[in-house]
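If you want the building blocks of each chain, they are given just below.
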Amino acid sequence: MIDYKTKKCKLYGEINEHDQKKFFDYKSKKFLHNIDSLYYVVKVKNDWNKDSGCRRFVDTLEIKKRLAIKSYDPVVVYDTDKQRCQFDLIMNGIGSKPYMYDLEKKDKYIIFIMNYQLNEKTPELWVQIRAQALWLQGEYEIVNESIKDVTELLSSYNIEIDEIKENRIDWAYHTNYIQDPLNFFKEEDLNRMQESRFTRYSSEGVFVGQFEVDKDYITLGRKKSNNLFFRIYNKTKEVIEKGYKQFFIKLWYLENMINYFDYYCVEKAFLNHNYKYLDVARLEFYLEFGKDNLIKDEINNLINKQSRDFEKIKALADLLVPAVTLVLNVELETKRKFYYSLDTCINILLKLKSDCPAFARSLYLKLDNKQVFHNYLTCNTSEQSGIIRFLNYKAKNKNGESWTRKSKFPTAQWWQRLQSVKVNRKFDSEDVTLIREYQKTLDIDKIKKRLVNSVLTHKVYLNTDNLDSTFEEDLLDFISNVNENDTENAISYKRKKFTLLKNRLADLEKTDSKRTFKLLDSETGEIID
């Protein structure tokens, strides 16, 4: 689909039919579901404070944590090449009481571990599974992998697992249906447009330019509640500003939720770590594909200024190209108290289908019955009972009048689409590989940009009077100032980084870099190829 506003923009009229479809075609009003966060807790059979295996485990973690804090950098705790586990775990030193220690399997999960147990009912470990693994690897696969790894890790210290239970599950629904949250969720209509158990709401936004506002975050319920929390927010903005979930950009593009133009602009904004850069990227798109040279000169004058006027940039972009398609996340955060209130019904009515360890039965019951929970959370049942439903509050009954009770109003069209989304799906393995390759490429681009900026900053510190040198000259100045200690530290750092990143880069094609330069040591005559 190519929307009407796009067809009215200047660039659309300048390009051929093939490029019109290539740049601007996408599927509108689309929803994509996955579990976005999954935390579970682990209770062990051993006496955590007295058992010798538990204390050896904690003592090892304490040593590594001190090293991580001292070095201001993650440290390898368990390495497949050297130690007892068949997987790599690193410590970041980010734990806090009572879970003082963290162990991370890069891009997969983090285990938080208690140092000393004050209450025997408190779980000794809790595990936070990363969003990237949940979306790309799949919920079952990453849960299976994490539980297998935790079991192996603990058994190497003769620690047995007693029970694993869910602690938090976030049900996420990405959508391009809503492009104007400010007017779609008007403050005065927010109560009448929803039927739920929530009694509180909040919204957040930003000032745009001198006179406008933009709403980018809406919540129902209390964030600190140990039960339920509902939010709708600008996921495109989060991906750009957080700077580490770039896999979503490729995922949305492959799912046709955004078109090539959107993909181009969001990627540029991500690399610049700036949501405002979307409008600059829109103009850069015209520079690359537009035809009017006078306009291109105007664009270059605007975007190459040291201090950019984003209001003028946006105004010009609005004349030339369409707005970037936003992806919002509609999310229900469910916590242990919510599932605890349903445990009796769950154990009686729901069936366990997975072949899983007996101690993890509670967690797998939730995964095996995703459709049941989705229906209940979104009121997608014949009785319309459940947690939350958005209404077509402007609808009239047969007499042409509004209903007096919310339960009588029909469901809003956008919520019907969310209710009917496919909840048990898996991405194509080829698409997953493409997304991982894309993530790697953007990481490399970010590193190159950071490196170039660092080299140029180094030159400014060396010689503030000479700013006319080329980048190649600045790079040579940098290399000339690297001493033997710097080289030894660099070799050590590279080995460490390899251990930290080898799982992330496993099974991906190696990126060959063709060397076009050689270095000549002017003092020794040595050529470094």
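This text goes with the structure placed above it.
Residues numbered from 1 in each chain as written. Predicted model: local features only at pLDDT ≥ 70, side-chain atom pairs only at ≥ 80, totals over all residues. Heavy atoms only, no water.

Focus: the overall build of the protein
As a reminder, the rule being used: A run of H or I in DSSP counts as a helix once it spans at least four residues, and a run of E counts as a strand once it spans at least two, with each numbered from the N terminus. With a 1.4 Å probe rolled over the protein chains alone, any residue whose accessible area is under 20% of its type maximum counts as buried; one over 50% counts as exposed, and the rest are partly exposed. Contacts are assigned to residue pairs with any non-hydrogen atoms lying within 4.5 Å of each other. All accessible-area figures derive from a Shrake-Rupley calculation using a 1.4 Å probe, and residue coverage is judged against the displayed protein chains alone.
Along the backbone of the protein there are 20 helices and 15 strands. Counting only residues that meet the buried cut, the protein has 47% of its 529 residues in that class. Contacts in the protein between residues at least 24 apart in sequence constitute 65% of all its contacts with a sequence separation of at least 6. As displayed, the protein has an accessible area near 29,300 Å², and 49% of this comes from carbon and sulfur atoms.

What to know about the pairing of strand β9 (residues 201-208)
As a reminder of what qualifies: DSSP bridges decide pairing: two strands pair if at least two such bridges lie between them.
Pairing between β9 and strand β10 (residues 212-220): eight bridges, direction antiparallel. The partner of Ser203 across the bridge, within β10, is Ile218. Here β9 folds back onto β10, and the loop between the two strands holds three residues, one of which, Gly209, carries a positive phi near 65°.

Observations concerning helix α8 (residues 235-242)
Basically, it comes down to this: Polar contacts, as counted here, are pairs of nitrogen or oxygen atoms within 3.5 Å of one another; within protein the pair requires one atom able to donate a hydrogen and one able to accept it, and residues that are adjacent in sequence qualify only if both atoms are side-chain atoms.
α8 sits mainly inside the fold: six of its eight residues count as buried. Taken as a whole, α8 has its buried residues at Lys235, Thr236, Lys237, Glu238, Val239 and Ile240. One side-chain oxygen at the N-terminal end of α8 lies 3.1 Å from the backbone nitrogen of Thr236; it belongs to Asn234.

A closer look at the nonpolar core
How we decide: In this text, buried Ala, Val, Leu, Ile, Met, Phe, Trp, Tyr and Cys residues form a nonpolar core when linked through side-chain atoms within 4.5 Å.
With 86 residues, the main nonpolar core has Phe57, Leu103 and Trp414 as its most contacted residues. If you tally residues by element for this core, the top one is strand β1 (residues 31-44), at eight residues. Each residue touching Phe57, except ones within four places of it in the same chain, is listed here: Trp48, Tyr78, Leu103, Ile113, Leu153, Leu154, Tyr157 and Ile159.

Quick word on empty space enclosed by the protein
Here is the rule: A pocket here means an open set of points on a 1 Å grid, computed over the protein atoms alone, that has protein on both sides within 12 Å along at least five of seven lines. A cavity is instead a set of points where a 1.4 Å probe fits but cannot get out; residues with an atom within 4 Å of a point line either one. Grid points are joined across faces, edges and corners, and a volume is the space filled by probe spheres set on the points. Here the nonpolar group is Ala, Val, Leu, Ile, Met, Phe, Trp, Tyr, Cys and Pro; Asp, Glu, Lys and Arg are the charged ones; every other residue, Gly included, is treated as polar.
Applying the stated criterion across every chain yields a total of one cavity of 30 Å³ or more. Lining the largest cavity, in full, are Pro181, Phe185, Lys215, Asp216, Tyr217, Ile218, Ile232, Tyr233, Asn234 and Leu328. When contributions to the lining of the largest cavity are tallied by element, the ones reaching two or more residues are β10 and β11 (228-234). A total of four residues in the lining of the largest cavity trace back to one element, the largest contributor, which is β10. By residue class, the composition of the lining of the largest cavity is seven nonpolar, one polar and two charged.

Things to note about the layout of surface pockets
Of the voids in this model, the second largest pocket is the one considered here, and its volume is about 1,600 Å³. Those elements giving two or more residues to the lining of the second largest pocket turn out to be α1 (4-8), α7 (181-184), β9, β10, α8, α10 (260-272), α11 (277-289) and α13 (310-320). Here the lining of the second largest pocket gets five residues from one element, more than from any other, and that element is α13. Looking at the lining of the second largest pocket, its residues break down into 23 nonpolar, nine polar and 16 charged.

What about the pairing of β1?
Judged by how many residues are buried, β1 sits mostly within the fold: 14 of 14 residues are covered. Across 13 bridges, β1 lies against strand β7 (residues 161-175) in antiparallel orientation. If you follow Tyr40 over to β7, its bridge partner there is Glu166. Pairing between β1 and strand β6 (residues 125-129): five bridges, direction antiparallel. Counterpart to Val41 in the pairing with β6 is Trp126.

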